[in-house]
Structures are given as structure tokens and as C-alpha cells.
Amino acid sequence: MKKSILLLCILLFIPLLQGCTDSRRADSYKVQADKYLEEEDYKNAIIYYDKALEISPEKVGVLGGKAKALEALGKYDEAIKECDKAIKINPQLADVYNTKGNALSEKSEFESALENYKAAYKLDPENAIYISNISYALNMLELYDEALDYSDRAIEKNPKLSMAYLNKGYALEGLDRPEEALKLYDKAIEFDSNNVNAYIYKGDILNDASKFEEAIKIYDKAINISKGKDSIDALVGKGDALCHIGKYEDSIQCFDKAIEISPDTHEIHVFKGRSLYYLKKYNEALESLDKALAIDKDSSYAKLWKSKSLTMNSNYKEAEELCKQVLDIEPGNSFAYDVKGCIYLKQSKFQQAIEMFDKAVEIDPDYLDAIVDRISASFYMKNYDECISLAKKELDRFPGNIDILWYLGDSYSYINQHKEAIECYKKILDVNPENDQVLALAAYEYYILQDYKSSEDYNNRALNVNKSNNTALKLKTELEKRKLPESRQISDFIKENYLYLDKVKDFDKKSKNFVAKNDVSVKDIEAFIKSIKPKEDIFTFVVSGNDYDKLISMGNSSHIVTKSVADNIFYIGINSFTSNTSREFKKVIDKINKPQDKNLIIDLRDNSGGLTKASNEILDLLLPKCDASYLIYRGGYVDTYYSDANIVKFKRIFVLTNEHTASSSELLALGLKKNLPNVTIVGRPTYGKGVGQTVYENKSKKYLIYLVSFYWNVNEKTIMAKKINPDVRVNGNNLNTFIKTVEKQIK
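Rules of the game
Residues numbered from 1 in each chain as written. Predicted model: local features only at pLDDT ≥ 70, side-chain atom pairs only at ≥ 80, totals over all residues. Heavy atoms only, no water. Helix = DSSP H or I, 4+ residues; strand = E, 2+ residues; numbered from the N terminus. Buried < 20%, exposed > 50% of the residue type's maximum accessible area, 1.4 Å probe, protein only. Areas by Shrake-Rupley, 256 points an atom, 1.4 Å probe, with all protein chains shown as cover. Lys, Arg positive; Asp, Glu negative; His and termini not counted. Charge placed at Lys NZ, Arg CZ, Asp CG, Glu CD. pLDDT = per-residue confidence, 0-100. Contact = heavy atoms within 4.5 Å. Phe/Tyr/Trp six-rings, centres within 6.5 Å; stacked < 30°, edge-to-face > 60°. Pairing = 2+ DSSP bridges. Core = buried A, V, L, I, M, F, W, Y, C linked by side-chain atoms within 4.5 Å. Disulfide = S-S within 2.5 Å. Salt bridge = Lys/Arg side-chain N within 4 Å of Asp/Glu carboxyl O. Axes fitted to C-alpha atoms, helices over the stretch in contact; angles between N-to-C directions. Parallel < 35°, antiparallel > 145°, perpendicular 65-115°, else oblique. Left-handed = near helix turned anticlockwise from the far one by under 90°. Nonpolar A, V, L, I, M, F, W, Y, C, P; charged D, E, K, R; others polar. Expected span 1.5 Å × (residues − 1). Polar contact = N/O pair within 3.5 Å; in protein donor to acceptor, adjacent residues only side chain to side chain.

Draft legend 1. Representation of the overall build of the chain within the structure. Along its length, the chain carries 35 helices and 11 strands. Overall, the chain is about 150 × 65 × 45 Å in size when its C-alpha atoms are taken along their principal axes. Among the 747 residues that make up the chain, the fraction classed as buried is 50%. Looking at the chain as shown, the accessible area adds up to about 37,200 Å², and 49% of this sits on carbon and sulfur atoms. Each charge sign in the chain was given a centre, from 107 positive and 114 negative side chains, and these centres are 7 Å apart.

Structure below.
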């Protein structure tokens, strides 16, 4: 009997012993799995959690651990299943609800995530992490006020919880309080120097505030401490900041690194395409954007950047179709209107372009690209004063913006305010000191001001950055010439440019004697010019002393007289063509209401000419797309002035001339007559000066050499010694007589 009882006890003890052994094995596997989880070796963690679950399939701690490892590996659906198994066994597991919330958040199912975070909080209301996660989900749902409340609660529970400060900062950003948000991100970093998102969010705020250099430093910190997928946002943010300061090649390197990590994220391909676009590598940009669209065929952002690239390849039809596709689905897409404006701008359809840019800004008043493009429209319309006004206004909101400063600097340059242009270029260089294009532009402005030392300094900097910069290379040649003795400079200037050089007797001998002088006075220069020019050349001469001062002063004064003669007749008198004349003319033209219903009188009587550039710019305003005129130099080189498609139309144009109408005045009269069907020349035959001059100036010694250097013609017609004959002859110079003649022609 005792033996039987003993045998029964042994038989009962064997399964009990087996159960204890299995439990210990399961616990051992869990301990090992937990260790792997802590070490972020998630694959091995899952292997050992699975071994534990084979023994104890309902061990909730193991299910919860496995869920965490799966969530960390991006296997969110599997993680959620494990959490649900654990919750079904024990619905009181706060940590499991939190893990499920994390997995749902990664799937962007934030409402469900919020429910699980709140369930975790209900079970453990003292846990600051659960409270902070509620704040996170509320942020993602854009419920920023509630998110702010929960982040404050989390901080109250744990004043050193980095994520709570991060979530509070994000909420403040959502409430448009970026400066306060920055302080919270700094606090998050203070309590966790490895908080990658805190660095990224801080970088984003600095990026949005156009503090690109600061942003790049912050993104670099995020990149240095992040691993793999965690570094994507930092790389993209850095690439975006680099793009904004014109470092496009560097930005592409960032995007390429991000693409290596996440090749199927279409936005990164779009960003890369944008940088390639700015590098004017439009075909490569299209390749990158097509990759983005292959990943997401409905991506509006990719379609619109593709549209911009197609526009630069003059593929306007496909570009417009892409804009239409976006606007059909998203009628409030400001970017689409901006891109559509760029399509019109490229075709010189300026008014249509401006309408689109204005529409984009109406939708989004802070849309910087549309604001810059609106400024650019004024620039390309040659409305430099308007461009300056718009740029200065927007710089109050976007200080340091490179594009706005660039248009502002170029506008100042075009209206001969070179010191102001230099200041703009310097501000760009404060942001990007290695922008070789801007360095060369600054060098050129200093060259015009004849500050050759500063010009050379900036030009050398440009070439140090880019030894192939064409502007800098050309300027280097000119600066070398300025180092020669003054007499040599003048001699070379004449030798290179004088139209009648082959008619000069003993030029080499006269030049040699002149160059041999160590120092030349203005009188020496005047004598030399007089000695070399043929008698028939009355258009080569020197202006110096008081005459020089008067001439410079004239260039800065108005040379246009305007008045409304009748409801349908507007009069513009031009007495000289200086650097400001076309600008003044455009200001007047732009103020005329319904010019297509008006008759325009352009009075060129007694106007002996001036800058051919000014008369050609006026032709550009009044002519359709065409070759406005040609300048033909001694060696056969031809310089062509083009008129774009943008035109101010008048009912009829009447040009008043007399025997003193010469040079640039004749070019304007003939250009209008040859290219428009509604132009009538009224008065008497013109002077017949079909040549133009190149100028050599010495600002410090106050003299100018006007040297005949080219013939000009319109539609292959020159008027040298031939004159322009009027369609209607008028004797005398009484303006009323001319106006009455015009009125008769209109009737």
C-alpha cells in the first residue's frame, strides 16, 4: 500500500516538475528577449519572445514585449494584434494600451491612438509618458489647445520629461507661437540631448523664419545623433535650407542620402527635382519628378514642379495641363496658381501672370514663392521702380530673402543706383558668402563705379569659388586693362572699338607717341582724339570739365514732357535719350487709361540722340515680338535688340521730326515705322546719323570719350546720310501747328 501511494505521488510530481521547468524556461526566454529589446536588437527580441510564447502563449508580459519590438520594426498591424491578445487576457495593462497607441500613431490613425493613450492614462494616471502621448495624438489631430493642456499635465507629473516639452512646443507652433515653441524645444533638448525630433522641429522653425544657416547647424546635430530612418526628416530639412541659400549641389547630396534610406518616399524625389530645377538642369529635374509620380501619381506637389520644369523647356501645353489637373481637384491650391503664373511669365504674358500671382497670394498671404514671382514680373516688365517698391515692402516681412534681395539689387543696377545694388548683393553674401554669381555682380557694380580695388577683391572671390564663372572671367580681363597706364588704356580702347580706324592716317605712330607719355592730361587726351579722327567724323569727341558735370547732371534729370492734348490724344516729348529716359517713358505709358483707344504723339524734334539702349527699350514697350534693331560693329559682330511679346497698343502713333532729329531719335522713329502699320512720321527729314558711340569714362579726372563704334539699322535699313522722310510735311517748329496736323490726320 505504501509503495502504491509513493508511486502515485511520484507520478503526480513529474508533470508538476515539468510545468515548473517550462515556466522557468519561458521566463528565461523573456529575460533574454527583454535584454535584446533594450539593446534595440528587435529581430532577436522577437525570436526569444516567440520561444517564450510557444511555452506560455498567454503570458501577457511576453505579448506586450513582442508588440513593442514589432512596433519598433515598423510592423504595426502585427504589433496591434499582439496588443489585442494581451488586452483580451488582461484588460488592465496600461503599458500595452500605450504600445497599441504608438502603433496606431505610426499608421496615422490618431483618433484610435488617442483612445488607447487615454485608456493607458485611466489605468495609470500618474504616468507622465501616457499623458504626454495623449498630447501628441491631440497635436496630430490639430487640437492644439487640448494638446497644450495635456503636455502641461505631463510636465507637472515629470518636470524632466523631454517628450512633454516637445509636445508642448509642437502645440504652440500649431497656435502660431513659434518663438515660445523654440524655447520649449530647447527645454526638450536640455532634458534629453538625443531627442532627435526636438532638433528637427527647432530646425524647421528656423528654416521657416529664413534663418537658414542656423537651421542647418541644428539639422546637423539631429543627423549626428540619429540612425537610419530617424535621420530622414533632418536630411530633408537640411537639404531644404541649403536650397534656400542657393547651395543646390549640397542640397541634392542631402536628398540623395535620404533617398538611400527611404527610396519610396515621393516627397524627397520632389525636393531633389526642385534643386535640380534651380540648377537649370531641367531634364534631370523631370527625371526626379517622374520618379516621385511613379510612387504617387496623384502628388500635386510633384505635378506642379514638373510643370515648372516643363515650362523652362518651353513645353507650355503639358505644363498648363498639369496645373489644370491640380486645380480641378484643389481649386484653392496657391502653388498651382503660382506655377500657372510662371507659365504665363515665361511667355511674356505679364498681366495674366500677375493675375495668377495675385490669386496665389490672396489664398495664402504669406506664400513666399508667389510673392517673389510677383516681384519678378515687375522686374521682367522693366517696371524697376515698382519692383523696388514691392521688394522693399516684402523684405520687412522676409528679411534676408536671397531672391527678393537679388531682384532688388538688379533693379537698382538697371536704374544706375550702383551703390544701392552693392548693398543688396552684400546682404545676399551675408547669407551665402560663396555665391559666385552674386560675388561677380558685386564686382561688376564696383567696376562701374571705378572702384577697381574692391571690384578685383570681389571678382577674385567669385573665381575662387567657381573658376569658370563667365562674368568674373570677362571682368578679370577688363580689370587687367585698368592696371595699364591711362594713355595705353585709351589707345587700346580706340584700337579695339573705333569704327573708322582703317581711315586714320599713321595711327600706330600717333598712338605710340601718346602712349610714351608717363602721365596724360585731359588736354593731351583731347589733342590725341582730334589728331586721329577723320574730318568727316563729327560724332567722336571728348567731354570734360564743366561740360562733363553738366552731362552727368543731365543723366539724372527728366528728359520727358507729357500732356493730354485731347480725350483721345496723348503727347510725349523726348529731348534726349539718357539712362533714365525709357524708365520715365514707361511710367507715363503705364498711367494712360485704355491706350488702345488713344492716339500717341512722340515728339523727337531737336532731339540729337543719346543712348541707343534707351530708344531700344522704348521700342520694346511699343512693338510686338520682333528684332527691334541691329548694331553692327567694325569686325562684323552684330548685336541684336529684341522686343518681347508684351506690347502697349495705341490706336495710332505719330512721330514728330525735324532736321535736328538724329541718332537714337532716328532709331526710335524708324523702328516704329518699320514694325507697326499705324505709325505716321510728321514734320521734316531727319539728320541722318546711322552710327552710335561707345564711351570711355574717367570719373576722377572728369572726362568722357565718345567714340563712333557701330552702325545701326532697322530691318536691314540704315539711314546714314539718307535721313528719314516724313509722311506728312510740316514747316516751322510751332508745336500747335504740329498738333493741328495730327488732329487732321486722325479725322
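Draft legend 2. Inspection of the confidence of the model for the chain at higher detail. Mean pLDDT over the chain stands at 92; residues scoring 70 or higher make up 97%. Contacts of residues 5–19 to residues separated by more than four positions or lying in other chains number zero contacts, the stretch itself having pLDDT below 50.

Draft legend 3. Local environment of the packing of aromatic side chains. Per the stated rule, a full pass over the model turns up 32 aromatic pairs. Judged by centre distance (5.3 Å) and plane angle (70 degrees), the rings of Tyr277 and Trp305 are edge-to-face. One end of the pair, Tyr277, is in helix H15 (residues 266–278); the other, Trp305, is in helix H17 (residues 300–312), with 28 residues separating them in the sequence. For Tyr277, a relative accessible area of 12% corresponds to the buried category. The interplanar angle of 50 degrees and the centroid separation of 5.6 Å between the aromatic rings of Tyr301 and Phe335 together place this pair among those described as tilted. Placement of the pair is Tyr301 in helix H17 and Phe335 in helix H19 (residues 334–346), with a sequence separation of 34 residues. Taking relative accessible area as the criterion, Tyr301 reaches 31% and is therefore assigned partly exposed. One aromatic cluster is present, formed by Tyr248, Phe255, Phe271, Tyr277, Tyr278, Tyr282, Tyr301, Trp305 and Phe335 through successive ring pairs.

Draft legend 4. Structural view of the pairing of strand E4 (residues 599–603). Among the five residues of E4, five are classified as buried, and the element is accordingly described as predominantly covered. Neither face of E4 is exposed, since Asn599, Ile601 and Asp603 on one face and Leu600 and Ile602 on the opposite face are all buried. Both strand E3 (residues 569–574) and E4 contribute to a ladder of five bridges, which runs parallel. By the bridge assignment, Tyr571 is partnered in E4 with Ile601.

Draft legend 5. A look at the pairing of strand E9 (residues 691–698). Pairing of E9 with strand E10 (residues 703–713), which is carried by eight bridges, proceeds in the antiparallel orientation. Across the sheet, Gln693 pairs through a bridge with Val708, a residue of E10. Where E9 folds back onto E10 in an antiparallel hairpin, the turn is made up of four residues, including Lys702, whose phi is positive at roughly 60 degrees.

Draft legend 6. Structural detail: the nonpolar core. Ile245, Ile375, Ile404, Leu408, Tyr412 and Tyr458 are the most contacted members of the largest nonpolar core, which has 109 residues in total. Sequence-distant contacts of Tyr458, defined by excluding residues within four places in its chain, comprise Lys426, Leu429, Leu439, Ala442, Ala443 and Tyr446. Ile618, Leu619, Phe650 and Ile724 belong to the second-largest nonpolar core, a separate cluster that totals 38 residues.

Draft legend 7. Structural detail: the state of the cysteines. This structure, assessed with the given rule, holds zero disulfides. In this model Cys243 remains outside any disulfide bridge; the closest cysteine sulfur is found in Cys254, 11 Å from its own. Of all cysteine sulfurs in the structure, the one in Cys424 sits closest to Cys387, which takes part in no disulfide; the separation is 10 Å. Among the residues examined, Cys387 registers a relative accessible area of 0% and is labelled buried.

Draft legend 8. Structural view of the pattern of salt bridges. Tallying each qualifying case throughout the model produces 46 salt bridges. The closest approach of N and O atoms between Lys66 and Asp50, which form a salt bridge, is 2.7 Å. Of the two residues, Lys66 sits in helix H3 (residues 60–72) while Asp50 sits in helix H2 (residues 42–55), which places them 16 residues apart along the sequence. Note that Glu180 is salt-bridged to Arg177, the shortest N-O span being 2.9 Å. On the basis of relative accessibility, which here comes to 35%, the residue Glu180 falls in the partly exposed class. Here the salt bridges do not stand alone but share partners, grouping Asp50, Lys66, Glu82 and Lys85 into one network.

Draft legend 9. Geometry of the packing of H15 against helix H16 (residues 282–295). Remark: H15 packs on H16, axes separated minimally by 8 Å, with the N-to-C direction vectors making an angle of 165 degrees. Judged by the inter-axis angle, H15 sits roughly antiparallel to H16. For the element pair H15 and H16, the recorded crossing hand is left-handed. Listed contacts from H16 to His266, His269, Val270, Lys272, Gly273, Leu276 and Tyr277 of H15 are Tyr282, Glu284, Ala285, Ser288, Leu289, Lys291, Ala292 and Ile295. Looking at side-chain class alone, the contact of H15 with H16 contains eight nonpolar, four polar and three charged residues.

Draft legend 10. The sheet that holds E3, seen in detail. Pairing within the open sheet is mixed, and its six strands lie in the order E2-E3-E4-E7-E8-E11. At either margin of the open sheet sits one strand with a lone partner, and together these are strand E2 (560–566) and strand E11 (728–729). Of the pairings in the sheet, the one linking strand E7 (residues 652–657) to strand E8 (residues 679–683) comprises five bridges and is parallel in character. Following the sheet pairing, Thr657 is matched in E8 by Gly683. Helix H32 (residues 581–591) contacts E2, E3 and E4 of the sheet and is inclined by roughly 170 degrees relative to E3. With respect to the sheet, helix H35 (residues 735–746) is in contact with E2, E3, E4, E7, E8 and E11, its orientation differing from that of E7 by roughly 150 degrees.

Draft legend 11. Representation of helix H27 (residues 470–482) within the structure. With 13 residues, H27 should reach 18 Å at 1.5 Å per residue; the first-to-last C-alpha distance of 19 Å fits that figure. Elements in contact with the buried residues of H27: helix H25 (436–448), helix H26 (452–465), helix H28 (486–497) and E9. Its side-chain oxygen 3.1 Å from the backbone nitrogen of Thr471, Asn469 forms the N-cap of H27.

Draft legend 12. The arrangement of the environment of Val465 in detail. Looking at the secondary structure, you find Val465 in helix H26. The spatial distance from the C-alpha of Val465 to the C-alpha of Asp27 is 64 Å, given a sequence separation of 438 residues. The contact partners of Val465, leaving out residues within four places of it in the chain, are Glu434, Asp436 and Leu439.

Draft legend 13. The side chain of Ser275, seen in detail. Turning to its location among the elements, Ser275 is positioned in helix H15. Taking relative accessible area as the criterion, Ser275 reaches 0% and is therefore assigned buried.

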